[in-house]
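# Examining the three-dimensional arrangement
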Amino acid sequence: MSYRIIVWVLALILLVPIAIFLVYAFAQGWFFPALWPERWDSALFLRQLADPQLRRAFGQSLIIATGVSMLALMFGYPAARVLELQTFRGRGLIYGLFFLPTVVPSVATGIGLNIVFLRLGLAGTLLGVMLVHLIPVLPYVVLTLGSSFARYDRNYEHQAAVLGASPWFVFWRVSVPMLLPSLVVAGVLAFLISWSQYVLSLLIGGGKIITLPMLLFSAASGGNQSLIASLSLIFITPLLLLLGLVARYLGSPATGATPRP
Amino acid sequence: MHTRKRIWNLAVMLGLLSLIIASCGSNAATPTSAPSSTSLDLNNWASIEQAANGQTVNWYIWGGSDSINRFVDEFYGKALKERYNITLNRVPMADTVDVVNQLLSEKEAGKTTGAVDLIWINGENFASLKQANLLRANWGQSLPNSNYVNWANPAVNLDFGEPVESLESPWSSAQFQFIYDSAKLQASELPRSYAALKDYACANPGKVSYIAPGPGAFQGTRFVKQALFEVSGGAEQWLGKFNQQLWDQWSPKLWDYFNQLEACLWREGSTYPKTENELHSLFANGEVDFSITQAIAGAGSLIKENLVPASARAFVFDDNMIGDFNYVAIPSTAPNPAAALVLANLILDPELQAAQILPENGFGLGYGIDPTKVSDPALAAKLTNAAQQLGDAATPASDLAKSLRSDIAAEYQSLIEQGWDANVLRK
C-alpha cells in the first residue's frame, strides 16, 4: 500500500515540472496576485515551432544524439565485454579511467579539446561534436552494458559456435538478442545525455553547430519565462516519446540471461 | 579459439567504425568559404559590396531576448538579403564572453580563418579582444554611414573608458533608468536620488532591491557606480584616467551607504536578483516597487514582451544616470569580413536606426548615430518622429538628457564588483 503512495508521489514530482512548462508556455501577463493569467496565447510557442533556426537546431541535435548513441554502443560494447568477461592486470585501473569523465568538469576537457579539435579540423563539425559527446556518454554506456555482462552466460555463445555458427552469426543471433534490453537502455541513455549537452557543444561547435540546448541556454539568459517554457517543451518532447517507445525494456532486468523462445 | 573470435569481432567493429568516421569526416569537413582577401579597400565601398555578394555573415549575438532576435532577423536579415544578397546567420549566445573564449582558442590553435564574422560587444569583452589583438582594425570610422556617428563624443569613442580606435562601430545607445508601476505609485512619490531611494526603502521595507554587481551583470555594477557619483558629490571628478587615491577616499562612504540601505531591502539584502529579468519578475509580481532598464523605450519593449504590467513606466533620478553605447566588432579571423562590414554599415542606416528605438519593433535601445548629423530632411524627420513615438512607458527625453553621465574607466568596474562582494554582500 505505502509502496503505491511512493510511486504516486514520485510520478507527481516528475510530472509537475512538465505541467509548469505547459502553463508558462501559454500563459501571458500572469503576475502575482492574479489567480489566472491575463490571457492564454499560443503565438509565441507556435512562432518557435516555425522558427527556421529552431528547426535546424532540432535536426542537428537529432543527428548528433543518434550518431552518439550508435558510436557509444560501438565503443562501449567491446569495452564492457572485455572489462567484465576477462580478468587481466590493470583492469580496475582501466575501469576507473572510463569513469574519470564523470568527475572531471566538462568545461575543463572542453576548452582543452577545442584547441586540439581546431588543429585537427574537427571543431565546428558534426563529427567533432559527436566525438566530444562520447566523453560524458561512454561511462554510462560501459556501466550499463558492463552490469549485464557481469551476469552474462557465455556458454550460449560457445553452444552456437560448437554448432558451427560463425563469429558474426554468434554476435548477431546470440549476443545481441541476449543483451538487447541493456543495449537499448544504454543507447537511450547515450541519446539522453548527448541531447542535453550544452558546454561541450558550445565549445566544440563554436557556433557553427547550433543545438537545441544552445538555444535553450541563450533564452534562459534572458529570463523570459514563456520563451524558456516553450523551448523546454520542444526540448523534452522527443525524450518523452523515446522513453515511451522503449519503456518495455526499462523495467526488465537488463541481463539477457534468460533467452526468449 | 575464443580469443580469435573476439579479435575477429573487434576487428569487424573497428573496421566499420573507421569507415563511418571516414565518411562522416569527408562530409562534415566541407571547406569553409575561402577567406576573402584581408586587403578590402574601404575607400572603394562598391568593391566591398561586390565582395560581400553571396556571402553568409555569422553574427554572434546575445540571444536572450526573443524580441531582439526577431528584430535582427526581420530588419537586418531581410535587408541584407534583398539589398546585398547576403545571408544572415544569427548565432545566439548565452553570454558574449563565450565568443571571446572561442576566439582565444582559435588563436591558440593557430587558426587564421575562424567562425565569427561580427560580434555585438562592449565593455570588458571589447577590452579583452582588443588586448589580445584579435579585432579587425581601421574600419569603424571608414564606413560610409559612419558620417552619421558623432565620433567626437567621448561616450562614443570610449567604450567603458577604453579607446575604440576604429576597432568597432556603434549600434545603439542605452541609459540607466528605473521602472515603476503607475497603477501603484504617483510620479510625485518617486525617489529622485540615491539618498531619497534609501528613505523610500526604509519607509517601505522589503520593497526595494537591485541587481547584484558582478561580471555579466553590468546593470548592478552601474547602479553602485552611480551611487558612488552621488556620495562623492559629483561624476565629473571620476572622468579620465583611473585614480586609486580618489577610489580609496570615497569607497568607504559608498559601502556605508549600501550597508545602511541593506536592512531596508527585499529579504533584508540576504539575496539579490542576478539579472535584469529576475528583477523584472520580482517587480511584475509586486514584490519590489522598482525595476531597472537600459532601453530608450523605457518599459515599452518589456510591456510588449509581457515581462512587466502594461501600467509600468520608466523614470530617472535627477542626476548620475549612466548612459553608453554598444557596438559591433569584426574579429581579425572573420571568414566573411566584407559581409560583416556591409552589415555594420547597414546598422547605421538612418531608417533602420529610426526603427530600432520604437518599442513595437522589439529592440528598444537608443540611437547609435547622432540624428543631427543626418542632413537628408526626410530621413531626419523619420528619426525625429520615431523619438516622439516612444509613448508613455519611456522616460521623457529631457529627463534623460538632464541626468545623463558617461561611464568611467574600466578599472573601477572590478573594484566595485569585488568591493561590493566583500563589503556589502558578505558583511
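Residues numbered from 1 in each chain as written. Chains lettered and ligands numbered in written order. Predicted model: local features only at pLDDT ≥ 70, side-chain atom pairs only at ≥ 80, totals over all residues.

Our focus in this paragraph is the overall build of chain A. Within chain A, the regular secondary structure consists of 11 helices and 2 strands. Secondary structure elements in chain A, listed N-terminal to C-terminal, are α-β-β-α-α-α-α-α-α-α-α-α-α. With the C-alpha coordinates aligned to their principal axes, the bounding extent of chain A is approximately 75 × 60 × 30 Å. Considering chain A as a whole, with its 261 residues, one finds that 38% of them fall into the buried category. Expressed as a percentage of contacts within chain A between residues at least 6 apart in sequence, the contacts between residues at least 24 apart total 75%. (Helix = DSSP H or I, 4+ residues; strand = E, 2+ residues; numbered from the N terminus. Buried ≥ 20, exposed ≤ 12 C-beta atoms within 10 Å, placed from the backbone. Contact = placed C-beta atoms within 7 Å.)

Attention now goes to the overall build of chain B. The helix and strand inventory of chain B stands at 16 helices and 12 strands. In terms of principal-axis extent, the alpha carbons of chain B reach across some 85 × 70 × 45 Å. Counting all 427 residues of chain B, 49% fall into the buried class. Taking contacts inside chain B between residues at least 6 apart in sequence as the whole, the part at least 24 apart equals 80%.

Residues and elements named next belong to chain A. Packing of helix α6 (residues 126–149) against helix α8 (residues 167–195) leaves a shortest axis separation of 9 Å and a crossing angle of 160°. With respect to α8, the element α6 is oriented roughly antiparallel. Crossing geometry of α6 relative to α8 is assigned as right-handed. In this structure, α6 uses H133, P136, V137, Y140, V141, T144, L145 and S148 to contact α8, whose residues at the interface are L179, S182, V185, A186, L189, A190, I193 and S194. Per-class residue counts for the contact of α6 with α8 are 11 nonpolar, 5 polar and no charged. (Axes fitted to C-alpha atoms, helices over the stretch in contact; angles between N-to-C directions. Parallel < 35°, antiparallel > 145°, perpendicular 65-115°, else oblique. Left-handed = near helix turned anticlockwise from the far one by under 90°. Nonpolar A, V, L, I, M, F, W, Y, C, P; charged D, E, K, R; others polar.)

This part covers the interface of chain B and chain A. Counting residues at the interface gives 43 residues for chain B, matched by 35 residues for chain A. When contributions to the side of chain B that touches chain A are tallied by element, the ones reaching two or more residues are α1 (2–28), β1 (56–62), β2 (87–93), α4 (97–108) and α10 (276–284) of chain B. For the side of chain B that touches chain A, the element with the highest residue contribution is α1(B), accounting for 11 residues. By residue class, the composition of the side of chain B that touches chain A is 20 nonpolar, 14 polar and 9 charged.

All right, on to the nonpolar core then. Core analysis: the biggest nonpolar cluster contains 182 residues, and I179(B), V328(B), A329(B) and L343(B) have the highest contact counts within it. At 13 residues, the largest contribution of residues to this core is made by α6(A). Apart from the residues lying within four places of it in its own chain, the contact partners of L343(B) are V57(B), W59(B), Y76(B), L80(B) and L118(B). (Core = buried A, V, L, I, M, F, W, Y, C linked by C-beta atoms within 7 Å.)

Let us look at unusual backbone geometry. Residues and elements named next belong to chain B. Located in the positive-phi region is E268, a residue other than glycine, with phi close to 50°. Along the polypeptide, E268 turns up in the loop between α9 (244–262) and α10. In this model, N320 sits at a positive phi of 65°, which is unusual for a non-glycine residue. For N320, the position within the fold is in the loop between β9 (312–315) and β10 (321–329).

Looking now at the packing of helix α8 (residues 218–231) of chain B against helix α16 (residues 410–425) of chain B. Residue and element names in this part refer to chain B. Direction vectors running N to C along α8 and α16 enclose 95°, while the axes themselves pass 10 Å from each other. One way to sum up the angle between α8 and α16 is to call them roughly perpendicular. Between α8, through T221, V224 and K225, and α16, the contact on the second element is made entirely by Y412, Q413, I416, E417 and W420. A per-class count over the contact of α8 with α16 returns 4 nonpolar, 2 polar and 2 charged.

Further remarks concern the confidence of the model for chain B. All names here are of chain B. Residues with a pLDDT of 70 or more make up 91% of chain B, whose mean pLDDT is 91. Contacts of residues 21–37 to residues separated by more than four positions or lying in other chains number 19 contacts, the stretch itself having pLDDT below 50. Scored as a whole, the predicted complex attains pTM 0.87, and scored at its interfaces, ipTM 0.87. (pLDDT = per-residue confidence, 0-100.)

Consecutive side chains of a regular strand alternate in pointing toward one face of the sheet and then the other. Residue and element names in this part refer to chain B. Inspection of the sheet shows β1 paired to β2 by 7 bridges, in the parallel sense. Paired with I61 across the bridge in β2 is P92. Handedness of the crossover is the feature at issue here: the chain leaves β1, passes through helix α3 (residues 66–84), returns alongside β2, and the resulting connection is right-handed. (Pairing = 2+ DSSP bridges. Right-handed = clockwise from strand over helix to strand, strands pointing away.)

Turning our eyes to something else, we now look at the sheet that holds β9(B). Residues and elements named next belong to chain B. Pairing is antiparallel across the open sheet formed by 3 strands, whose spatial order is β8-β7-β9. Here the strands that pair on one side only, and so sit at the sheet edges, are β8 (291–293) and β9. Across the sheet, the axes of successive neighbouring strands diverge by a mean angle of 40°, strand direction being ignored. For strand β7 (residues 177–181) and β8, the ladder comprises 3 bridges, and the chain directions are antiparallel. Along β8, the bridge assignment pairs F178 with I292.

Moving on, we get to the pairing of β1(B). All names here are of chain B. The buried count for β1 comes to 6 of 7 residues, which makes it a mostly enclosed element. Sheet analysis places β1 next to strand β3 (residues 118–121), joined by 2 bridges and oriented parallel. In the strand pairing of β3, W59 is matched with L118.

Residue and element names in this part refer to chain B. Within the secondary structure, L40 is located in the loop between α1 and α2 (45–52). Using a count of 18 C-beta atoms within 10 Å as the deciding quantity, one classes L40 as partly exposed. What L40 contacts, discounting residues up to four positions off in sequence, is I48, A51, P337, A338 and L341.

Right, let's get into the confidence of the model for chain A. Across chain A, pLDDT averages 90, with 95% of residues at or above 70. Low pLDDT (under 50) marks residues 253–261 of chain A, which in the prediction has 17 contacts with non-local residues, meaning those over four places away or in another chain.

In this section: the environment of V16(A). Within the secondary structure layout, V16(A) lies in helix α1 (residues 2–26). In this structure, the C-alpha to C-alpha distance between V16(A) and L242(A), residues 226 residues apart in sequence, is 20 Å.

On to the environment of H158(A), then. In this structure, H158(A) sits in helix α7 (residues 155–162). Sequence spacing of H158(A) and G222(A) is 64 residues, and the spatial spacing of their C-alpha atoms is 60 Å.

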